[in-house]
Each structure stands twice: as C-alpha cells, then as structure tokens.
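Chain by chain, the residues run as shown.
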Amino acid sequence: SASNMKSMERELQCPVCKDIVKQPVVLPCLHSVCLLCASEVLVQSGYPQPELPPEPNSPASTPNTRSPRQARRPMPKADRALRPGFGTYPGRRRKEGHTQLMLFPCVPCGRDVELGERGLVDCMRNLTLERIVERYRHTVSLGSVAVMCQFCKPPQTLEATKGCADCRASFCNECFKLYHPWGTPRAQHEHVLPTLNFRPKVLTCPEHDQEKLQFYCKSCQRLLCSLCKLRRVHGGHKIVPVTQAYQTLKDKITKELGYILSNQGTVLTQITQLENAITQTESSRQKRSEALANQVAERRSLLEHAGLMAFTQELLKETDSACFVHAARQTHNRLAQSIESLQSFSLSADPSFRHFQLDVSRELKLLTDLNFIQAPLAPVIDTQRTLAYDQLFLCWRLPPDSSPAWHFSVEYRRRGVVPGGGRLEEVSGTSAVIDRLEMDSVYVLRVRGCNKAGFGEYSEEVYLHTPPAPVLNFYLDSRWGLHADRLVVSKEQRCARSVPGLSLLQAADRALTSCHLTADLLVGDVAVTQGRHYWACSVEPGSYLVKVGVGLESKLQEWFHLPQDMASPRYDPDSGHDSGAEDSSDSPPSFTFLTMGMGKIYLPSSANSHHGTANYRDGGIANGNGPSSPTGVTYPLPPRLGVCLDVEKGRVTFYDAHSLRPLWEGAVDCSAPVCPAFCFIGGGALQLQELVANRNADQTPVRRVTIQSRVTKLN
C-alpha cells in the first residue's frame, strides 16, 4: 500500500549521500551504497579516480537520434579491465609485485571493508533493491519527472509510455511500434515502465561475462557461476543451487516477519516505555536522549506498516533466485537482530540520575546468582545405530548430566592419520551422514560438543570399516515361483519370512518320514554383469535353515521349475556350501550359497569347497589348510552377513558385515548375468540391509556422492 511505501523511505537511503539509492552495489559487508557515492568515497580515501561508464539513457549518452542497438552497446572488455578503481591500474601489469587491496570505509559498519584489488568490479548491483526503489517512486511519486521518448525528433518530443528492457530505452507509442515491428524478433522484447535507469535482466558473474549465478557457496557466502564453482578455492566448500538457497533464506525471513508481526502488542508496549523514558530524561544529558530516540526509531521500524517490515514484504516479492539471495542476507541479519532485541528488551539509557552515585545492587545479585557455564561432556557413540554401508552413519548422545550443546564437531580420518589431521564438520543434530569415502578402508571417528563455554572433550574413537565394493541396492523379486502359502515378502520387498503351513503338515502325513519340507528360492530383482558389488542382510537367529548367496539367473530359473523335496533339512548338515555343479569338475559352480540356521553359520572346509578354491579366513588372514574337521565348522551367526561379488574374477566372498571380517570365499560362474539368491528350508526370516540414504532417522548430511554400478533389471 501507499502508506507502507512511504514508511520505508529510510530503508532505501544510501548511507553516504542520505538520498534514495541509485544504481546500488552490495559491499562485502552486505550494505548497499550508490555506485557513484562509492566511487567518490574511494577517491577521497586516496585511490585513483575511476572512469565510470555513462548512465543508461542519460541525455549525454542517448541522444534522440540514437538507435536501440547503439543505446545498448556495451563497453569493450579491455576498457573495463583498465578502469582505475575497477581492476588493473593503467601502466601496471597484473603480475608485477604485490597488489594493493582497496579498503572502503563503510558508514553503517563503522569500519573499513576490504574490496580486494579489483575494487568495485567485484561488487554486484543490487537489482532487487533497484526494483523496490522503482516501485516506491511510482507509488509515492516523490519528485517524479516525466520520462520523454528518446526517439522522437525535436521539438515534437512526446512523453514515453513504454520502456524496453532489451533496447534499454523508453518510447512513445508511435516510436515503439516503429522500432518493434510485428513479426520481427524485436516484437518479443520485454516491455517495462518508462524509466531513466535500465537494469540488467539477471545477475551475471563479475569475472565471467554473461555467466549466470546459479550456485551459492555457504562457506564463502557468495554467489557463484558454473565456472567459479570449479575453482580450487571452493574445494570442499558447501555449495548448493541458488534456488535452494533462495527458498531457505525466503522461508527464514518469512518466519521472522511472521514472528514480529504477531508481537505487535509487545512492540507498542515497548514504544510506550521508551517514550515515557524520553519524557523523564529531558533534563538529562543529550546523549541519553539520542540513544533512546534511536531505540524508538528502531522499534518503530518493526511495526507492521513501518519501514523495515514494508521493505521486507517488498523483498519477498522478488522471484529471481540469485537477485533475492544477493539482496536478502542483510535483511535477514537485521531481522534476526531485531528479534533478539525484541526478546531481551532493555533501555539503552537510564532515565534517572542514579549515575551520580555508585549502585552495585545489580552486580551483587549477579555475583550471588553466579553460575558458571560448563562445556558439554564427551558424547557417547551409539554403536548399535552407527554403521558403514552405502554411506557412513554416525549417531551419538550426550550424558544425562552434561550441559546442552549448541552444535557438534565431527572429526573423521583414515586409520594411520594422526588425531587432529582429519576433516572436521559442524552439525546441529546428534547424527551425521558422511560420504565420499574410499572403499575397503578403516575410518576413525570422534565427536565433541560446543556451547557458550567452548568445546568439550572428544568422545571415544570409533572405528568403521567401509565395504570392499560399491553397495548394490536391490529388492526381493516375488514374481518367480513364490509359494504364497508359506513364503511371504513384505510390501517394501526388503524382508521375507518362510512359515511351514497346512500343506506341509498334510504332506508329512502322507510321507514315511517324520518331517517333509520344501526348499523355497527367492532372488533379487537385479542381475549384475560386470564390476564388484557388495550387499548385506540379516537372518533371524531362530530360522531353521536359510541359504544366502549368488547364482546364474538362468540356472536359478530352472531351479524354480524343479522344486526339490527332501525328507529332512539335515540331509547334508555339514556342507554349508551348495555349488549346484557337483556333476562338473572343470567349470565353476553355477550358484554358491552359505548356510545359516538355529543361530549358527556353517562354513565348509577346504576339502569340501569346489576345486579347492575356498579358503578359511580368521581375523582377516587366510588359512589355506582350513580347520582340522573334514566336514567344516560352525560359528555363531553374525548380526549381519555381507556378500561381495567380483564378476571379473568369478569370486564371491562372505563377510561378517559388522566388522567386515571375511568368513569364506569361493568361485561362481559369472559368464552370464548373476543375481543375489536366498533359499528357505523350514521356518525362517531374512531382511536386506537398508541404505543409509533411505533412513528416516534424524541425520545431518556432511558429504554425499552417488556410487554408480552397472546392473540389469530382471524381466
């Protein structure tokens, strides 16, 4: 509204000239000043006079006879590079000696701001602020001057009715039709209101011409183009698309604006207190009155129709992501400071005359109630939830008697790197997801909390072993010969349960044996043809017999059509390894399984392994001779079983997925697509390991990377 526009004039003033900003540029401190004012300040500070380009459409630069193409001709790049104060100084090569850095005395900050050797060239224009100023001028009509057509021949110059953002010129109706004939590319130019100050359509990189600013570096708090993003200076920085930064910053400002507008009664009450305090301090010193008056003005800006609030509401209308992020950070900081001041309100000056005597009552109360803030205690790592799979998931908690933490610092490094030499990441929650880790490596992690008292002690170090190969993500395929009466697959297709039902009991009545069971086979919905792949699963300890392994897709399909009935699952209790190729002595087996059941895992001996290719491994060291038992050994069932398939070598290795300790290795035929397979004999349950990326737990992303693996979906 017009009243809102009038109230925010203070927000649109240049801090140097105290007038409405014109062609504002954003300084590194996020304050905006007029381009001409900034140049004059630099000259007064002893820097050379910059050669400013003529303003668009000014009488000196755009006479009435100039065509639209001439009006928008840009300054040559070589000339821009040699402007004093905007790049390299005349008579000096860029690589000669040490370059002097420019310092700009910022009035609102009260300190010198470093501009760098390129000066104002790196300070991008605040296009959002220019749009708000233009809306303000059209609404308030403050000193508005009629804009004349730039292409009418004098003395019959008419008032402009349209502006062209592409031609950067203002036209009357007749001239606009003349220079934008129907059916030509110029007819598609963007129409704007007539103005004397045309702006670029979008923000472009000051170092790379015509490159749009599509990214935002959270570490440097700068807008980047696609070329700036590739620079080494931004290596390891947190870089997000500008649309994401736009939405995040816009949501924060919207919440802050809503909080202030919902506390208008508090603002009015504080204004009343301040005005009463001003009345009581009329006889006091002038500085106190000025301090309180400034505080009143600051509080008035928080009212719904006041300057800062109106400016913020106009700011939220910006739809250009780069322009919004470029202009809104200073407003976000001011709103945050206003909310903090609103919540902890106190008079900036004492209206009484107690300063003539020493009053230590407040200090005595503070000393009496003195309570030292302690740093957080060492966090406790949750080893049950912490794991390394497709990503590394670290979870922790603070001890019950610990002081709260503002944030946590996570340090992770490869084993062998000295403590303090790893990478540090700041997270706000009690968990973190770490990516871009090397395969088959041991990482050491620790975490510590931080609050107002500083950093606390580090937690105990935890060692996590990354998988030996990229993780293969797949689901259980229920389309092949699934017996619904005794084998059930979950809705998410990551869990399966086998329950012997009525049909098996009826079969047992007709059989001569005391028990009659059927082997049910279940496979994954992907088949691999090359590379190395790893996946993990967990078998319920109470399962009777469950076989986990891999096999040729074609051979597994044949097995589906030839169900194997057996009198007892103990027909071969000592094998633990089913090759599916016992009739062949020269070729690797078509499928390889490892047997688990009744809380144990059955490992075959070297004598029983196919062609002697299987080796026992204990503690990660291969034992070629194997155990003394000729029929293999049994171990307690690990919480999770890992499977690593190497297609090129035709080898499959089984691991204790919790510690990545190899359990057994054998050969498998990989001449055709190979897929994960699971066999149930009797009652049992199996669940595939969930990807860390799919977990719904409270987690803070630290680093992420997509691991690509070549797989084929089963038809």
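The residue numbering used here restarts from 1 in each chain and proceeds along that chain's sequence as written. Confidence filtering applies because this is a predicted model: local features only for residues at pLDDT of at least 70, side-chain atom pairs given and counted only at 80 or more, and all residues used for totals across whole chains, interfaces and linings. As a rule here, side-chain values come from all non-hydrogen atoms in the structure, and water together with hydrogens is ignored.

Looking up the chain in an unreviewed UniProt entry gives the name Tripartite motif-containing protein 46, with the organism given as Astyanax mexicanus. UniProt positions are given in the numbering used here, feature names are shortened, and annotations may be inferred rather than shown by experiment. The chain has a UniProt comment under Sequence similarities (unreviewed entry) that states "Belongs to the TRIM/RBCC family."

Undergrad: In this structure, what is going on with the environment of L637? I would like to understand it.
TA: Counting from the N terminus, the helices are DSSP H or I runs at least four residues long and the strands are E runs at least two residues long. Positionally, L637 belongs in the loop between β33 (633-636) and β34 (641-646). Linking L637 and D656, residues 19 residues apart in sequence, is a C-alpha distance of 9.0 Å. Any two residues having at least one pair of non-hydrogen atoms within 4.5 Å are treated as being in contact. If sequence neighbours within four positions are ignored, L637 has contacts with V539, E540, P541, M596, G599, K600 and I601.

Undergrad: It is not clear to me how helix α8 (residues 264-280) should be interpreted in this structure. Could you clarify?
TA: At 3.6 residues per turn, the α-helix brings residues three or four places apart onto the same side. One less than the number of residues in a helix, times 1.5 Å, gives the span that helix is expected to have. Over its 17 residues, α8 runs 25 Å from end to end, which matches the ideal 24 Å to within 8%, given 1.5 Å per residue. Burial here depends on accessible area, computed with a 1.4 Å probe over protein chains only, as a share of the maximum for the residue type. Under 20% is buried, over 50% is exposed, and the range in between is partly exposed. For α8, the set of buried residues is Q264, V267, Q270, I271, L274 and A277. Down the axis of α8, the smallest arc covering the buried residues is 140°, so these residues share one side. Opposite its buried face, α8 presents the exposed residues T279 and Q280, each directed more than 90 degrees away. Throughout, the arc means the angular range of directions from the helix axis out to the C-beta atoms.

Undergrad: Just to check I follow, could you spell out the sheet that holds strand β8 (residues 213-217) for this structure?
TA: The strands that make up a sheet pair up through hydrogen bonds in the backbone, lying either parallel or antiparallel. Spatially, β9-β8-β10 is the arrangement adopted by the three strands of the open sheet, whose pairing is antiparallel. Where the open sheet ends on each side, the last strands, each with one partner, are β9 (222-225) and β10 (239-241). Direction aside, the axes of adjacent strands within the sheet are offset by 40° on average. A fitted line through C-alpha atoms serves as each axis, taken over the contacting stretch for helices, and the angle formed by two N-to-C directions is quoted from 0 to 180°. The sheet contacts of helix α7 (residues 242-261) involve β8, β9 and β10, and relative to β10 the element is tilted by about 85°. Paired strands, in this sense, are two strands between which DSSP finds at least two bridges.

Undergrad: Any chance you could explain the state of the cysteines here in plain terms?
TA: What we call a disulfide is simply a covalent bond connecting the sulfur atoms of a pair of cysteines. Here, two cysteine sulfur atoms that lie within 2.5 Å of each other are counted as a disulfide. Enumeration according to the criterion identifies zero disulfides in this entry. C225 carries a free sulfur, and the closest cysteine sulfur to it, the one in C228, is 3.5 Å from it.

Undergrad: Even after reading the chapter, I still don't get the confidence of the model for the chain, so can you show me in this structure?
TA: Parts of the prediction with low pLDDT should not have their coordinates interpreted in detail. The predicted model of the chain averages 76 in pLDDT, with 74% of residues at 70 or higher. Scored from 0 to 100, pLDDT records how confident the predictor is in each individual residue. In this model, residues 53-97 is a region of pLDDT below 50 whose contacts with residues beyond four sequence positions or in other chains number 81 contacts. Within the model, pLDDT remains below 50 along residues 563-577, and this stretch shows 33 contacts once partners closer than five positions in the same chain are excluded.

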